[in-house]
Amino acid sequence: MPALRRLLALPRALRHGASVGAGLPPEEALVLDAPAPGLRDVLAAAGGGDLRPAAELLADTRLGARWELRSEYAAGLASFALHHPGRLDAWLREDPDDPDALLVRADLCVHRARALLAADRAGHAARERSEAAAALLRDGVPVLRAAAGAAPSDPVPWRVAVDHAAGLRAPREVFDAYWEQAVARAPHHYGCHAAALRYLCGAGREAPGEAFDFAERAAEDALPGSLLNSLPLTAAVEHLVVAGRKPDAAVTPSRIDAAIDRAAELSAHYGPGDPEAAGFRNELALLLAVRERWEESLEQFRAVGVHVRSRPWAHLGDPLREFAGFRTGVRTQAASRVPFFGAPPSPSARHGGTGGDARPGARGRPGARKRPGPRKRSGAREAGQWQPYVLALCAAPPAEVARAAPASGAALRLAPAGDGRLTWVEAAGGPAAGGSRRGRVGPPGEDPLTAAAESFTAGEGWPVLVLHRDGDRAGVALVRGGGQQACHRWDPASRIPDFAEASRTARALASAFGVEDARPLTAVLRSNGFPAARRQEEALAALGLPPPPQEYGRTARTLEDVPGAHLLRERPAPAGPGGAAAAGGGRAPARPTHPAGARSAGARPPSARWWAPRAAAALVLLAAAGHAWWEWGRGGPGVLRPLLLTGAALYLSGRPAGALLGARTRLAAARTAPPEAAPPGDAGADGAGTGGPDGVPGARAGDGARGPAEHDAP
C-alpha cells in the first residue's frame, strides 16, 4: 500500500513541483557561511592588505558596548584568519596589549582546535589531531587571560573562555566559573548562552535532559524576537542530528515539537533572507523535515534564501549538497500533497516567502527585530536576492550561436568577440525572462542566462563560459551539452579551495577550451579572491579568452554599445495582411500569438529531457492501471482505483501525443511560411552590419527551419 501511495503521488509531484518551488534560489546562488553584512567590506579590505577597517570595527563595538555584534565580528575575523593564514598577523602583533587583537587571537585558538576536531570526527589520524587540538587550546590560555584583563567589562572573552572549556572538556567547576563571569557582564548575551549550550551538550551526553533544561530556561526568560528563543531548537538538533539519538524519556517528541514551534514564532520576527536568522532557520528547516512537516519546512527553506550554514548540514555530509538535497526532497513531498487539479498557494501569500512578508503589521511593529549595524552600502542587493551581472562567452561565431539560441525561448543580445570566432551573449529580457529551460519559463530567481545557455548548448559541440560578478564577488561556470559541468567562485570572505578541488575545475575548463596546461589556471583559482573581478579576468587570460567589455559589472546592458551587437528573439508565427505584424510597422509583437495547440514555426520541438519523464510516468501509470484492472477482474477492490489510474495514464499519455501533433504542425508551418524581408535601411542600432535575412551576419536563408531569429530594432 505505501508503494501504491508513492506511485499515485508521482503525477502530483511532476505537475506541481515547479510551482511549489517558486521563490527558491538556484543551487549556484547558495552561499556557505557568508560573513555578517557589516563584516564583508572589512574582510575584503583585509584580503587586500588593509587592516585598519578590522581594528576600527572591533574598537567601535567595544566602545559602543554592542556585545552581540562584537562576538559575531570577532568570530568572523578569527575564521578569516584561520582560512587565510598571515592576513591578520601584522595587526595581531602590532600592539600586544590591544584588547581587540587579543580577543581575535584567543578566538583563533578555539577555531584552530575546532578545525582539528572536525577532521578528527572525519577519522583522519584521530588521536594525533585530538592531542594537537588540546595543545592549541592550552597554548591559548595566556592569551585568553590577557584578553579578559584588557577589557574588564567585555563579556565576549568569557564567551571564548566557555568555548575553550567545551573544547578541552574541562571540569564542571571550570565551566561554572567562566559562566558566572559571562552572565555577570551580559545576562542575556546569545553568544555566551550558545557557547554554554555547546559545553553542556558535549559534557552531558549521558544526561541530555540537562542541556534541554538550560535551553528552555534561557528561552523562557528571553524577550520576544531574541535569538535566545532558538536555544531549545539547537538542543534538539544536538540530540537528534549530532548525537544521532531518537526521542526518549528526557527529550520527548512533545519537547522537540515545542522547540520547533518556538523557533517558528521567532522566525516570524525576521524578514525573508535575513542573514541574522539564517543560523536557526537552517536548523528549523531540517527538523521540520525530520518531523515530516513538509509545507512548513519548505517555507523555512524559502526564508533561508541563499544563506546556508555549516551547522547542521556538516554533520550529515557536504553542507551545500545536503542543504540542496533536503530542499529538493521537501519540495517534492510538498508538491505530492497538492491535489492533482488543485493550485498550490503562491509563495507571497504564505509566511516567509520571498515575495514579501504577508503577516499583517510585520514591518514596523514594536516586536519586530531590526538588526543594528553599519548602514547598507549603496547599490547592495537586498538579503536573499540573487541578481549578479551575468555575461556568457560562447566558443562559436555569432552566426552559429544565433541559429542555436532560439531553442532557449529567451531574448538574447549577441556581440562578436575574439576576431569574430567567439560570441558574447547576455540576457535581454523578453518572453522567457526569469529563466527558461527548453522554452519553458523557469522558477523566479533562476539565472536566465545560465538557463538559456543550458538550453541552446544541447546538441552543440562548443562550450559556454558564464561569468558572474556581484560586488566584491565573481565566478565562472562552464556550460556544455545542455548542462553545467564546472564552476568556481572568488569570494574574499570565503576559504581558499584546496588543490584537488581547484585542479579538477581547472582541468575541466582547460579541456573545454583547448588549453593543454591547466596549472596557471589552477593557481588563479586558488589565489586570494580580492579583487574578484581581476581574478576573473586572469582566468579568462589563462584560457586564452578575451577580457569582458569595459561596461561589464557596471550596467545590465553590457553589450548594447559593443560594435556588431544585435538582439535575437523567437520568431513569431506568420501574420496575414493587416495582422499584428503589419500593424506594428513590420515589427513583431514581443509575445506572438499561435494557432490553437501550436507553437511558432521557428520553435524547436521538445527535447529528450521533455519526453523522458513524461513517457516514463505514462508507462508506469499504464502498467499500474493494467494491474488494477486485472485485480478488479479477479474480484479485488472496487473500480475506483483502476479508473483513477487509467485517467491519470491517459492524461500523461496525451501530453506526448499532443507534442507529436504539434511537431507535425510546426513542420508544416515551417515549410509553408514565407521568408520575412526586413525593410531596406531599417536595421537599427543593434543591427548594424547584419547581412542575412534573419539579421545575423552570414546567416543563410536555409537556416530558418533550425530556429530562425529576427532582428529587433530598438
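So, how was this worked out
Residues numbered from 1 in each chain as written. Predicted model: local features only at pLDDT ≥ 70, side-chain atom pairs only at ≥ 80, totals over all residues. Heavy atoms only, no water. Helix = DSSP H or I, 4+ residues; strand = E, 2+ residues; numbered from the N terminus. Buried < 20%, exposed > 50% of the residue type's maximum accessible area, 1.4 Å probe, protein only. Contact = heavy atoms within 4.5 Å. Axes fitted to C-alpha atoms, helices over the stretch in contact; angles between N-to-C directions. Parallel < 35°, antiparallel > 145°, perpendicular 65-115°, else oblique. Left-handed = near helix turned anticlockwise from the far one by under 90°. Nonpolar A, V, L, I, M, F, W, Y, C, P; charged D, E, K, R; others polar. Pairing = 2+ DSSP bridges. Patch = residues over 30% accessible without salt bridge, like charges linked within 9 Å, V, L, I, M, F, W, Y side chains within 5 Å. Areas by Shrake-Rupley, 256 points an atom, 1.4 Å probe, with all protein chains shown as cover. Salt bridge = Lys/Arg side-chain N within 4 Å of Asp/Glu carboxyl O. Expected span 1.5 Å × (residues − 1). Phe/Tyr/Trp six-rings, centres within 6.5 Å; stacked < 30°, edge-to-face > 60°. Core = buried A, V, L, I, M, F, W, Y, C linked by side-chain atoms within 4.5 Å. Arc of directions from axis to C-beta. pLDDT = per-residue confidence, 0-100.

(A) Representation of the overall build of the protein chain. A tally of helices and strands in the protein chain yields 26 helices and eleven strands. Buried residues in the protein chain amount to 47% of all 714 residues. Taking the contacts inside the protein chain whose residues are at least 6 apart along the sequence as the reference set, 68% of them involve residues at least 24 apart.

(B) Local environment of the packing of helix α14 (residues 253–267) against helix α15 (residues 278–290). Running from N to C, α14 and α15 cross one another at 135°; their axes reach a closest spacing of 10 Å. It follows from the interaxial angle that α14 and α15 lie oblique. Like other packed secondary-structure pairs, α14 and α15 cross with a definite hand, here left-handed. Across from Ile260, Ala263, Ala264, Leu266 and Ser267 in α14, the residues of α15 making contact are Phe280, Arg281, Leu284, Leu287 and Leu288. For the contact of α14 with α15, a count of residues per class yields eight nonpolar, one polar and one charged.

(C) Just the sheet that holds strand β3 (residues 389–394), in detail. Read across the open sheet, the seven strands follow the order β10-β9-β8-β3-β5-β4-β11; overall the sheet is antiparallel. Two strands in the sheet have a free side with no partner beyond their single neighbour: β10 (483–490) and β11 (566–568). This sheet shows a mean twist of 25° between the axes of neighbouring strands, independent of strand direction. With three bridges connecting them, strand β4 (residues 412–417) and β11 associate as antiparallel partners. When the sheet's bridge partners are listed, leucine 412 is paired in β11 with leucine 568. Along the sheet, helix α23 (residues 532–542) makes contact with β8 (464–470), β9 (473–480) and β10, crossing β8 at roughly 165°.

(D) Layout of a nonpolar patch on the surface. A contiguous nonpolar surface patch, about 360 Å² in accessible area, is contributed by Trp629, Trp632, Val639 and Leu643. Mapped onto the elements of the fold, tryptophan 629 is located in helix α25 (residues 608–633). Under the relative-accessibility criterion, tryptophan 629 is labelled partly exposed at 32%.

(E) Local environment of helix α9 (residues 156–168). Given a rise of 1.5 Å per residue, 13 residues ought to cover 18 Å, and the 18 Å separating the end C-alpha atoms of α9 matches this to within 8%. For α9, the buried fraction is high: ten of the 13 residues fall into the buried class. Considered for burial, the residues of α9 that qualify are Val156, Pro157, Trp158, Arg159, Val160, Ala161, Val162, Asp163, His164 and Ala165. Directly after α9, the chain includes arginine 169, whose backbone phi takes a positive value near 55°.

(F) Highlighting the pattern of salt bridges. Under the counting rule described, the total for this entry stands at 26 salt bridges. Arginine 291 is the salt-bridge partner of aspartate 257, the closest N and O atoms lying 3.1 Å from each other. With a gap of 34 residues between them, aspartate 257 in helix α14 and arginine 291 in the loop between α15 and α16 (294–304) connect regions that are remote in the sequence. Note on arginine 291: relative accessible area 29%, which makes it partly exposed. Among the charged side chains, a network of salt bridges with common partners joins Asp107, Arg114, Arg159, Asp163 and Arg198.

(G) Main features of the pairing of β9. In terms of burial, β9 is largely enclosed, as seven of its eight residues are buried. As judged from the seven bridges shared by β8 and β9, these two strands associate in the antiparallel manner. Along β9, the bridge assignment pairs valine 464 with valine 479. The hairpin turn running from β8 into β9, its antiparallel successor, is two residues long, and glycine 471 in that turn takes a positive phi close to 65°. Where β9 lies against β10, seven bridges are found, and the strand directions are antiparallel. Within β10, the residue paired with alanine 477 across the bridge is cysteine 487.

(H) Spotlight on the packing of aromatic side chains. Here the structure, examined in full by the defined rule, presents ten aromatic pairs. Here the aromatic rings of phenylalanine 301 and phenylalanine 323 are separated by 5.2 Å at their centres, their planes lie at 70°, and the arrangement is edge-to-face. With phenylalanine 301 in helix α16 and phenylalanine 323 in helix α18 (residues 319–336), this residue pair connects regions lying 22 residues apart in the sequence.

(I) Main features of the packing of helix α2 (residues 37–47) against helix α4 (residues 67–83). Running from amino to carboxyl end, α2 crosses α4 at an angle of 30°, the nearest separation of the two axes being 11 Å. Considered as vectors, α2 and α4 are oriented roughly parallel to each other. For the pair α2 and α4, the crossing hand works out as right-handed. Across the interface between the two elements, Gly38, Leu39, Val42, Leu43, Ala46 and Gly47 from α2 touch Tyr73, Gly76, Leu77 and Phe80 from α4. For the contact of α2 with α4, the residue count by class is seven nonpolar, three polar and no charged.

(J) Summary view of the environment of glycine 244. Residue position: glycine 244 is located in the loop between α13 (231–242) and α14. Residue glycine 244 is classed as exposed on the basis of its relative accessible area, which comes to 58%. Separated by 71 residues in sequence, glycine 244 and histidine 315 place their C-alpha atoms 9.8 Å apart.

(K) Representation of the nonpolar core within the structure. Grouped together as the largest cluster of nonpolar side chains are 72 residues, with contacts concentrated most on Leu197 and Leu287. When near neighbours in sequence (up to four residues on either side) are disregarded, leucine 197 contacts Ala211, Phe214, Ala215, Leu231, Thr234 and Ala235. With 32 residues, the next largest nonpolar core counts Leu465, Ala474, Leu545 and Tyr552 among its residues.

(L) Expanded view of the side chain of histidine 164. Structurally, histidine 164 is set in helix α9. Histidine 164 sits in the buried class, given a relative accessible area of 5%. With residues near it in sequence (within four places) discarded, histidine 164 still touches Val110, Leu137, Arg138, Val141 and Leu144.

(M) View of helix α8 (residues 141–150). For α8, every residue scored as buried is listed here: Val143, Leu144, Ala147 and Ala148. Each buried residue of α8 lies within a common arc of 135° when the element is viewed along its axis, so the set occupies one face. Away from its buried face by more than 90 degrees, α8 exposes Pro142, Arg145 and Gly149.

(N) Fine view of the environment of valine 639. By the element assignment, valine 639 lies in the loop between α25 and α26 (640–672). It is 8.5 Å that separates the C-alpha atoms of valine 639 and alanine 628, two residues lying eleven residues apart in sequence. When near neighbours in sequence (up to four residues on either side) are disregarded, valine 639 contacts Trp629 and Trp632.

(O) Representation of the confidence of the model for the protein chain within the structure. With 71% of its residues at a pLDDT of at least 70, the protein chain reaches an overall mean of 76. Summarising per-element confidence for the protein chain, the mean pLDDT is lowest in strand β7 (residues 440–441) (32) and highest in α15 (95). Low pLDDT, under 50, characterises residues 572–604; the predicted model gives this stretch 45 contacts beyond four residues in sequence or across chains. Below a pLDDT of 50 lies the segment residues 670–714, which in the model reaches 78 contacts outside its immediate sequence neighbourhood of four places, other chains included.

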